[in-house]
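Examining the three-dimensional arrangement
One-letter residues, chain by chain:
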Amino acid sequence: MEKWEEILTRVAEGERLTSTDALTLWQDAPLWRLGEVAVMRKRAKSGDRVFYNKNFHIEPTNICVFNCKFCSYRRPRGSAEAWDYTLEQIEDKVRSYEGKGATEMHIVGGVHPDHDLDFYCELIRRVKAILPTAAVKAYTAIELSYMIKKSGLTTAEGLKRLIEAGMEAIPGGGAEIFDEELRSQICPDKGSTAEWFEVHRTAHELGLKTNATMLYGHIEKVEHRIDHLMRLRELQDVTGGFNAFIPLKYRNFGNSMSEIGEVPIVDDLRTLAMSRLILDNVPHIKAYWVMYGKQTTEMALSFGADDIDGTIEDSTKIYSMAGAADQRPTMSVDEMHAMVERAGFRAVERDTHYNEIE
Ligand code: V47
């Protein structure tokens with residue numbers, strides 16, 4: 001028996017992967033076998049359900065104090081392509097989604113040099129006043145760390161203020177790749193891995209559920225991906241606070257690492273399956289359709305994903321500016337049901353906390 005076969009047999013029986021075994025599987029196991037076992041593990045957690053939600057994004061600004069090399073979205077202040085919406089402009093945008101049944105507002109953007117914690121709390125209060133039944137999933141750990149430090153509060157004190165304002169969950173962005181050496185190459189001035197973990201750990205201690213991401217397909221090796229997933233698994237063992245993990249494929253249009261190119265779709269599928277197998281303690285693996293495109297997302301459902309994110313309503317520019325196929329990303333509920341059923345699963349609408357919506 002090949003080594004990978006022996007490892008997969010143990011994983012299928014529920015045994016936890018070590019880093020060494022994960023590397024063997026990642027490098028040697030046939031893709032279809034990884035998919036088979038990943039789907040088995042997915043079924044043990046979510047049965048035949050694949051989740052989606054009705055959501056939209058709010059991106060208040062693309063002006064950012066950091067200058068990540070993979071980012072196609074940031075613009076310097078004063079650029080004709082920079083935006084920095086006022087609270088009133090944001091309110092107008094949110095009003096345009098009234099009556100569409102959104103259960104989630106996902107708010108992230110650049111780390112603006114001037115806005116402070118009070119601004120971000122007020123932003124949450126204003127959007128909640130317009131759509132009180134939609135949950136606010138807001139600000140990446142890097143934005144949070146910056147705004148809270150600026151306010152002179154501890155992480156817990158800052159998060160409590162945001163929770164009082166109406167924040168209900170934290171998205172997974174800003175994780176990039178945890179390996180400090182690589183991070184210093186692709187986003188040298190960005191908030192650190194330690195800061196990212198400090199925010200998520202504290203949020204979990206306060207009872208907030210959060211997501212986690214990993215930016216892959218640039219200068220990292222498989223070993224770095226495994227290290228990233230292991231660090232997440234370790235915190236999850238302690239807190240249980242991660243709801244979903246979202247692998248994010250590096251898209252290479254319009255940023256300063258473009259010459260690297262993009263990894264092939266088979267790598268996306270392998271990464272999804274390995275994420276499901278390594279993160280045995282994270283309930284949901286999300287195939288973010290805006291980033292993969294709709295066809296790869298459908299395939300992702302055969303590799304352990306059980307969530308495809310939401311309707312989006314053409315509200316995010318992060319991926320269209322980085323070269324994603326859908327330049328005005330929107331997916332209707334009917335389209336999502338059809339996609340999930342073609343893949344052999346049952347589409348289930350969920351809220352931010354993964355409660356099913358009838
Ligand atoms: O942290 C930026 C990534 C992230 C590029 O929690 C890029 O439900 C690829 O985190 N190529 C923000 N990726 C988006 C994010 C997210 C998205 C959807 C759902 C959730 C969730 C979270 O986007 C950033 C960064 O890792 N990113 N530029 C790029 N060129």
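Because the structure is predicted, anything quoted here is derived from the model rather than measured.

**Focus: the pattern of salt bridges**
Applying the stated criterion to the full structure yields 33 salt bridges. For Arg276, the salt bridge is made with Asp306, and the minimal N-O distance between the two is 3.5 Å. Here Arg276 is found in helix 11 (residues 265–278), whereas its partner Asp306 is found in the loop between helix 13 (294–300) and strand 9 (307–310), with 30 residues between them in sequence. Overall, Asp306 belongs to the buried group, its relative accessible area being 0%. Each of Lys3, Glu6, Arg10, Glu15 and Asp21 takes part in a single network of salt bridges with overlapping partners.

**With respect to the sheet that holds strand 5 (residues 167–170)**
Overall, parallel pairing links the 7 strands, which are arranged 2-3-4-5-6-7-8 in an open sheet. In the strand order of this sheet, the two ends are held by strand 2 (55–58) and strand 8 (284–285), each with one partner. Those strands touched by helix 11 are strand 6 (209–216), strand 7 (242–249) and strand 8, and its axis lies near 160° from that of strand 7.

**Here we look at helix 14 (residues 333–342)**
Restricting attention to buried positions, one finds in helix 14 the residues Met336, Met339 and Val340. Buried residues of helix 14 fall within an arc of 95° about the axis and therefore sit on the same side. Away from the buried face of helix 14 by more than 90 degrees, exposed residues Asp334 and Arg342 are located. Looking at the packing, one finds that the buried side of helix 14 touches strand 1 (49–53), helix 13, strand 9 and strand 10 (346–349).

**Structural notes on helix 7 (residues 155–165)**
Within helix 7 the residues assigned to the buried category are Thr155, Gly158, Leu159, Leu162 and Ala165. An end-on view of helix 7 places all buried positions within 115° of arc, on one side of the element. Within two residues after helix 7, Gly166 carries a phi angle of roughly 130°, on the positive side.

**Digging into the site of the ligand**
Near the ligand lie 24 residues; those nearest to it are Lys137, Gly174, Glu176, Lys286 and Tyr319. In this structure, an oxygen atom belonging to the ligand sits 2.7 Å away from a main-chain N or O atom of Gly174. In this structure, Asn211 approaches the ligand through a side-chain N or O atom, which is 3.1 Å from an oxygen atom. When the ligand is considered free in solution it has 620 Å² of accessible area, and contact with the protein chains removes 95% of it. In terms of residue class, the shell around the ligand is made up of 10 nonpolar, 8 polar and 6 charged.

**Regarding the packing of helix 6 (residues 141–151) against helix 7**
The geometry of helix 6 relative to helix 7 is characterised by a closest axis approach of 9 Å and an angle of 105° between their N-to-C directions. In terms of orientation, helix 6 lies roughly perpendicular with respect to helix 7. Residues Leu144, Met147 and Ile148 of helix 6 form the contact with helix 7, whose participating residues are Thr155, Gly158, Leu159 and Leu162. Each residue belonging to the contact of helix 6 with helix 7 can be placed in one class, and the counts come to 5 nonpolar, 2 polar and no charged.

**Here's the deal with the packing of helix 9 (residues 193–205) against helix 10 (residues 222–239)**
It is at 11 Å that the axes of helix 9 and helix 10 come closest, and there the two elements cross at 25°. With respect to helix 10, the element helix 9 is oriented roughly parallel. Seen along the crossing, helix 9 lies across helix 10 with a hand that is right-handed. Facing Thr193, Trp196, Phe197, Arg201 and His204 of helix 9, the residues of helix 10 in contact are Arg231, Leu232, Leu235 and Thr239. Counted by class, the contact of helix 9 with helix 10 contains 4 nonpolar, 3 polar and 2 charged residues.

**Here we look at the sheet that holds strand 10**
Taken together, the 3 strands give an open sheet; going across it, the order is 9-1-10, and neighbouring strands pair in parallel fashion. Of all strands in the sheet, those bounded by a partner on one side alone are strand 9 and strand 10. In this sheet, neighbouring strand axes are inclined to one another by 25° on average, regardless of whether the strands run parallel or antiparallel. As judged from the 2 bridges shared by strand 1 and strand 9, these two strands associate in the parallel manner. Counterpart to Phe51 in the pairing with strand 9 is Asp307.

Reading guide: rules and limits
- Residues numbered from 1 in each chain as written.
- Predicted model: local features only at pLDDT ≥ 70, side-chain atom pairs only at ≥ 80, totals over all residues.
- Heavy atoms only, no water.
- Salt bridge = Lys/Arg side-chain N within 4 Å of Asp/Glu carboxyl O.
- Helix = DSSP H or I, 4+ residues; strand = E, 2+ residues; numbered from the N terminus.
- Buried < 20%, exposed > 50% of the residue type's maximum accessible area, 1.4 Å probe, protein only.
- Pairing = 2+ DSSP bridges.
- Contact = heavy atoms within 4.5 Å.
- Axes fitted to C-alpha atoms, helices over the stretch in contact; angles between N-to-C directions.
- Arc of directions from axis to C-beta.
- Near = heavy atom within 4 Å.
- Polar contact = N/O pair within 3.5 Å; in protein donor to acceptor, adjacent residues only side chain to side chain.
- Areas by Shrake-Rupley, 256 points an atom, 1.4 Å probe, with all protein chains shown as cover.
- Nonpolar A, V, L, I, M, F, W, Y, C, P; charged D, E, K, R; others polar.
- Parallel < 35°, antiparallel > 145°, perpendicular 65-115°, else oblique.
- Left-handed = near helix turned anticlockwise from the far one by under 90°.

The values are spatial; any link to function lies outside them.
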